[in-house]
Amino acid sequence: KRAEGNPWRIATSVEALAIIRQHRGDLDTALQFYSEAREFYRETSDDLGLARVIDNMGTVWRLQGANAQARSASMESLRLMRELGNGQGISSALGHLAALNVDSGDFDDARCCLDEAMLLAGIIGHGERIAYISLLDAELHFAKGDAAEAAKHLRTAATRPEDLVGGDLAWALEVGA
């Protein structure tokens, strides 16, 4: 039975639980919580919350190797974020699509996604997104065999340690130094 009360508050609380489970590596439980939050956001017609949760579900599916589901979720999130005109959300979805494109060897598509994501992140001044996109740019260049260019992007990310979290920070500092 669903919890009683304000559906929007329930959605944000369940989403927070999903994020915690995701960061702890409990991806199956994170997906369950994200799915529940998605339904509450649909009930409340909160398209921003819905798009954000779908984007996060895509991230979890990518981590699980379910790249087709991840791509579908990222595309849906991107569509919703574009409809909302949410630059941060567009940048996030583009970053996730770029990572999927790198995984599949679609380097040109990855480059297009990263360029638009970085442009938007710069316009809105979102430091965490800029640092994350720099890491993705490094990943793209490593995949293409261009270690010098990858190191340049890692150094860019490492100059923004306040904008990186957890493993991203350690990886950028270790490899980009």
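Reading guide: rules and limits
- Residues numbered from 1 in each chain as written.
- Predicted model: local features only at pLDDT ≥ 70, side-chain atom pairs only at ≥ 80, totals over all residues.
- Heavy atoms only, no water.
- Helix = DSSP H or I, 4+ residues; strand = E, 2+ residues; numbered from the N terminus.
- Buried < 20%, exposed > 50% of the residue type's maximum accessible area, 1.4 Å probe, protein only.
- Contact = heavy atoms within 4.5 Å.
- Areas by Shrake-Rupley, 256 points an atom, 1.4 Å probe, with all protein chains shown as cover.
- pLDDT = per-residue confidence, 0-100.
- Salt bridge = Lys/Arg side-chain N within 4 Å of Asp/Glu carboxyl O.
- Core = buried A, V, L, I, M, F, W, Y, C linked by side-chain atoms within 4.5 Å.
- Patch = residues over 30% accessible without salt bridge, like charges linked within 9 Å, V, L, I, M, F, W, Y side chains within 5 Å.
- Polar contact = N/O pair within 3.5 Å; in protein donor to acceptor, adjacent residues only side chain to side chain.
- Disulfide = S-S within 2.5 Å.
- Expected span 1.5 Å × (residues − 1).
- Arc of directions from axis to C-beta.

Peer 1: In this structure, what is going on with the overall build of the chain? I would like to understand it.
Peer 2: In terms of regular secondary structure, the chain is built from 9 helices and 0 strands. For the chain, the succession of helices and strands along the chain, N to C, is α-α-α-α-α-α-α-α-α. Counting all 177 residues of the chain, 44% fall into the buried class. Looking at the chain alone, contacts between residues at least 24 apart form 50% of all its contacts between residues at least 6 apart. Of the roughly 8900 Å² of accessible surface on the chain, 53% is carried by carbon and sulfur atoms.

Peer 1: Please clarify how the confidence of the model for the chain should be interpreted in this entry.
Peer 2: For residues with low pLDDT, the predicted coordinates do not support detailed interpretation. Per-residue confidence for the chain gives a mean pLDDT of 87, with 88% of residues at or over 70. Helix α9 (residues 166–176) is the least confidently modelled element of the chain, averaging 45 in pLDDT, while helix α4 (residues 67–84) averages 97, the highest of any element. This model gives residues 166–177 a pLDDT under 50, and the stretch forms 19 contacts once residues within four places in sequence are excluded.

Peer 1: Quick question: what am I supposed to make of the pattern of salt bridges here?
Peer 2: Between side chains of opposite charge, a pair can form when the charged atoms approach closely. Tallied over the entire structure, the rule returns 12 salt bridges. Two residues, D26 and R21, come together in a salt bridge whose shortest N-O distance is 3.2 Å. With relative accessibility at 25%, the residue R21 sits in the partly exposed group. Bridged by salt links that share partners, the residues R38, E39 and R42 form one connected network.

Peer 1: Would you explain the nonpolar core in this entry?
Peer 2: One broad trend across soluble globular proteins is that nonpolar side chains are buried collectively. Formed by 42 residues in total, the largest nonpolar core has its most connected members in Y34, W61 and L94. For this core, the secondary structure elements donating two or more residues are α1 (7–23), α2 (27–43), α3 (47–63), α4, α5 (87–104), α6 (107–124) and α7 (127–143). Sort the elements by how many residues they give to this core and α5 lands first, with 8 residues. With residues near it in sequence (within four places) discarded, W61 still touches L31, A66, N67, Q69, A70 and A73. Of all hydrophobic cores here, the second largest spans 5 residues; its members include L135, A138, A150 and A157.

Peer 1: I'm lost on a nonpolar patch on the surface in this one. Help?
Peer 2: Taken together, L119, I123 and I124 make up a surface patch of nonpolar side chains, about 320 Å² in accessible area. Within the fold, I123 resides in helix α6. We classify I123 as exposed; its relative accessible area is 63%.

Peer 1: For this particular structure, what's the right way to read the environment of E149?
Peer 2: Structurally, E149 can be placed in helix α8 (residues 147–158). E149 gets classed as partly exposed once you look at its relative accessible area, which sits at 23%. Separated by 11 residues in sequence, E149 and A138 place their C-alpha atoms 7.2 Å apart. Within the local environment of E149, its side chain forms a polar contact with the side chain of K152, the two groups lying 3.2 Å apart.

Peer 1: Help me out: how do you make sense of the state of the cysteines in this one?
Peer 2: Cysteine pairs can be covalently joined through their sulfur atoms, and such a bond is termed a disulfide. Scanning all chains against the criterion turns up 0 disulfides. Of all cysteine sulfurs in the structure, the one in C113 sits closest to C112, which takes part in no disulfide; the separation is 7.0 Å.

Peer 1: Sorry if this is basic, but what is going on with α8 here?
Peer 2: Every α-helical turn comprises 3.6 residues, leaving residues that sit three or four positions apart pointing alike. Here α8 is 12 residues long and its end C-alpha atoms lie 16 Å apart, about the 16 Å a rise of 1.5 Å per residue gives. Within α8 the residues assigned to the buried category are A150, A151, H153, L154, A157 and A158. Along the axis of α8, the buried positions cluster into a sector of 165°, meaning they face one direction only.

Peer 1: Just to check I follow, could you spell out unusual backbone geometry for this structure?
Peer 2: Trans peptide bonds make up the majority, and among non-glycine residues the majority have a negative phi. The backbone phi angle of S45 is positive, close to 55°, even though this residue is not glycine. Residue position: S45 is located in the loop between α2 and α3.

Peer 1: Looking at this structure, I do not really get the side chain of N56. What am I missing?
Peer 2: With respect to the helices and strands, N56 occurs in helix α3. The exposure class of N56 is buried, given its relative accessible area of 16%. In this structure, N56 is in contact with E15, I19, Q22 and Y34, ignoring residues within four places of it in sequence.

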